[in-house]
Amino acid sequence: MSGNTMKSFIEATKNQTAVRCHGVTKTYGQGKAAVQALRGVDLEIRTGELLMLVGPSGCGKTTLISVLAGLLQRDGGDCSVLDHDYKQMSFNETTRFRGRNIGFVFQTFDLIPALTAAENVATPLLINGVKWPAALEKAGAVLKVVGFDDRMIHSLPTDLSGGQQQRVAVARAMVHDPRMIVCDEPTSALDSESGHMVMSLMRQFALGKDRVLVVVTHDTRIFEFADRIARMEDGRITRIENPPSRGNVPLNNP
Ligand SMILES: Nc1ncnc2c1ncn2[C@@H]1O[C@H](COP(=O)(O)OP(=O)(O)OP(=O)(O)O)[C@@H](O)[C@H]1O
Ligand SMILES: [Mg+2]
């Protein structure tokens, strides 16, 4: 695509609907042990938007973003993500789509213990067919952006602090430039300064592109980075709010 064509493509796709959910339900288990985690979620998220998802423990946040990321199949309702419906796709199609288009920061980081930080970050690139040396080089560069030095890049997760592991998880979610990044508490192990750094990075990622970010958080310090805040209670979205103050954060959805 030429520079001009790319520019008009970005303009045309900006602020379109990236996620559309209506009446989405999900129940874990069966019979007496059944837990209804999602009880009819209605939600729209536009491209170019950073949506934060907040709510009490157990209200269904992780379940919802797992459904959006195609990691978990919904039971009922409609859900379209980047114009795709996982229910209409085969397992292999979903895996391929996810590998290209989705970055996920897990609540527990989920780094592979036997791989170094750089190797962990390189995995989404390998899945997309990038050769090992190039993937490692790109992974190292992204880790430097999140504040890693040469020694840390080659460390195993067990030799890193919780905050450092979290930054590896964030770098891994962004390295393949996915169209949607979904993050479960991405700043929970970070001090205020690192939390701001990580959120600025993720916001820059969303700005001016046909990208979308969904961030689950309890961390009120990062609310200013949101375009909108969705409140969740008991398996439903109950309210959508504007962030209290956006400070000096650049806005793409004023
Ligand atoms: N694999 C599972 N099997 C059975 N029940 C589950 C499973 N995962 C989640 N649940 C239940 O589903 C409900 C929603 O869980 P979920 O993890 O989505 O909540 P959450 O809002 O992310 O909570 P937290 O803030 O503590 O991370 C909870 O009652 C939880 O116990
Ligand atoms: Mg959770």
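Quick caveat, the model's predicted, so the values are computed rather than measured.

Novice: Looking at this model, I keep getting lost on the overall build of the protein chain. Mind explaining?
Specialist: Within the protein chain one finds eight helices and nine strands. Within the protein chain, the proportion of its 254 residues that are buried is 40%. Long-range contacts, defined here as pairs at least 24 residues apart, represent 71% of the contacts in the protein chain between residues at least 6 apart.

Novice: What is the right way to read the packing of helix α4 (residues 117-127) against helix α7 (residues 162-174) from this model?
Specialist: For any two helices packed against each other, one specifies the inter-axial angle together with the distance between the axes. Close contact between α4 and α7 brings their axes to 7 Å; oriented N to C, the two are set at 25°. If you check the angle between α4 and α7, you find them roughly parallel. Of the two possible hands of crossing, α4 and α7 adopt the one that is right-handed. On α7, the residues that touch A117, N120, V121, T123 and P124 of α4 are V168, A171 and R172. Broken down by class, the residue content of the contact of α4 with α7 amounts to five nonpolar, two polar and one charged.

Novice: Explain the site of ligand 1 here, please?
Specialist: Y28, S57, K61, T62 and T63 are the nearest of the 13 residues found near ligand 1. When contributions to the shell around ligand 1 are tallied by element, the ones reaching two or more residues are β2 (35-46) and α2 (61-68). For the shell around ligand 1, the leading source of residues is α2, giving three residues.

Novice: It is not clear to me how α7 should be interpreted in this structure. Could you clarify?
Specialist: Every α-helical turn comprises 3.6 residues, leaving residues that sit three or four positions apart pointing alike. Taking 1.5 Å of rise per residue, the 13 residues of α7 would be expected to cover 18 Å, and the 19 Å separating its terminal C-alpha atoms lies within 8% of that figure. Most of α7 sits inside the fold, with eleven of its 13 residues counted as buried. In this fold, the buried residues of α7 make contact with β5 (102-105), α4, α5 (132-145), α6 (150-153), β6 (180-184) and α8 (192-206).

Novice: For this particular structure, what's the right way to read the pairing of β6?
Specialist: Each regular strand carries side chains that alternate between the two faces of the sheet. Across the five residues that make up β6, a large majority, five, are buried. The alternating pattern of β6 places M180, V182 and D184 and I181 and C183 on opposite faces, both of which are buried. Looking at chain direction, β5 and β6 are connected through four bridges and run parallel. Each bridged residue has a counterpart across the sheet, and for G103 the counterpart in β6 is I181.

Novice: Just to check I follow, could you spell out the environment of D110 for this structure?
Specialist: Considering the arrangement of structural elements, one finds D110 in the loop between β5 and α4. Residues D110 and Q166 lie 56 residues apart in sequence; the distance between their C-alpha atoms is 9.4 Å.

Novice: It is not clear to me how the sheet that holds strand β7 (residues 212-216) should be interpreted in this structure. Could you clarify?
Specialist: Strand pairing in a sheet is mediated by backbone hydrogen bonds. Such pairs are either parallel or antiparallel. On the basis of which strands lie adjacent, the open sheet formed by six strands has the order β5-β6-β7-β3-β8-β9 and mixed pairing. The open sheet has two edge strands, β5 and β9 (236-241), and neither has a second partner. Adjacent strand axes in the sheet meet at a mean angle of 20° when their direction is disregarded. When strand β3 (residues 49-54) meets β7, the two strands line up parallel, connected through five bridges. Its bridge partner lying in β7, E49 is registered against V212.

Novice: Sorry, what's going on with the nonpolar core here?
Specialist: Soluble, globular proteins show a tendency: their nonpolar side chains are buried together. One finds L53, V121, A139, L143, V182 and V214 to be the most contacted residues of the largest nonpolar core, which totals 67 residues. Those residues in contact with L143 that lie beyond four places of it in its chain are A117, A118, V121, F148, I153 and A171.

Novice: Whenever I open this one, the sheet that holds β2 confuses me. Can you help?
Specialist: Here we have three strands laid out as an open sheet, ordered β2-β1-β4, and antiparallel in their pairing. The sheet is open, and its two edges are formed by β2 and β4 (76-81), each paired on a single side. When the angles between neighbouring strand axes are averaged without regard to direction, this sheet yields 20°. Examined bridge by bridge, strand β1 (residues 17-28) and β4 share five bridges and lie antiparallel to one another. Of the residues in β4, the one forming a bridge with R20 is S80.

Calculation notes
- Residues numbered from 1 in each chain as written.
- Chains lettered and ligands numbered in written order.
- Predicted model: local features only at pLDDT ≥ 70, side-chain atom pairs only at ≥ 80, totals over all residues.
- Helix = DSSP H or I, 4+ residues; strand = E, 2+ residues; numbered from the N terminus.
- Buried ≥ 20, exposed ≤ 12 C-beta atoms within 10 Å, placed from the backbone.
- Contact = placed C-beta atoms within 7 Å.
- Axes fitted to C-alpha atoms, helices over the stretch in contact; angles between N-to-C directions.
- Parallel < 35°, antiparallel > 145°, perpendicular 65-115°, else oblique.
- Left-handed = near helix turned anticlockwise from the far one by under 90°.
- Nonpolar A, V, L, I, M, F, W, Y, C, P; charged D, E, K, R; others polar.
- Near = placed C-beta within 6 Å.
- Expected span 1.5 Å × (residues − 1).
- Pairing = 2+ DSSP bridges.
- Core = buried A, V, L, I, M, F, W, Y, C linked by C-beta atoms within 7 Å.

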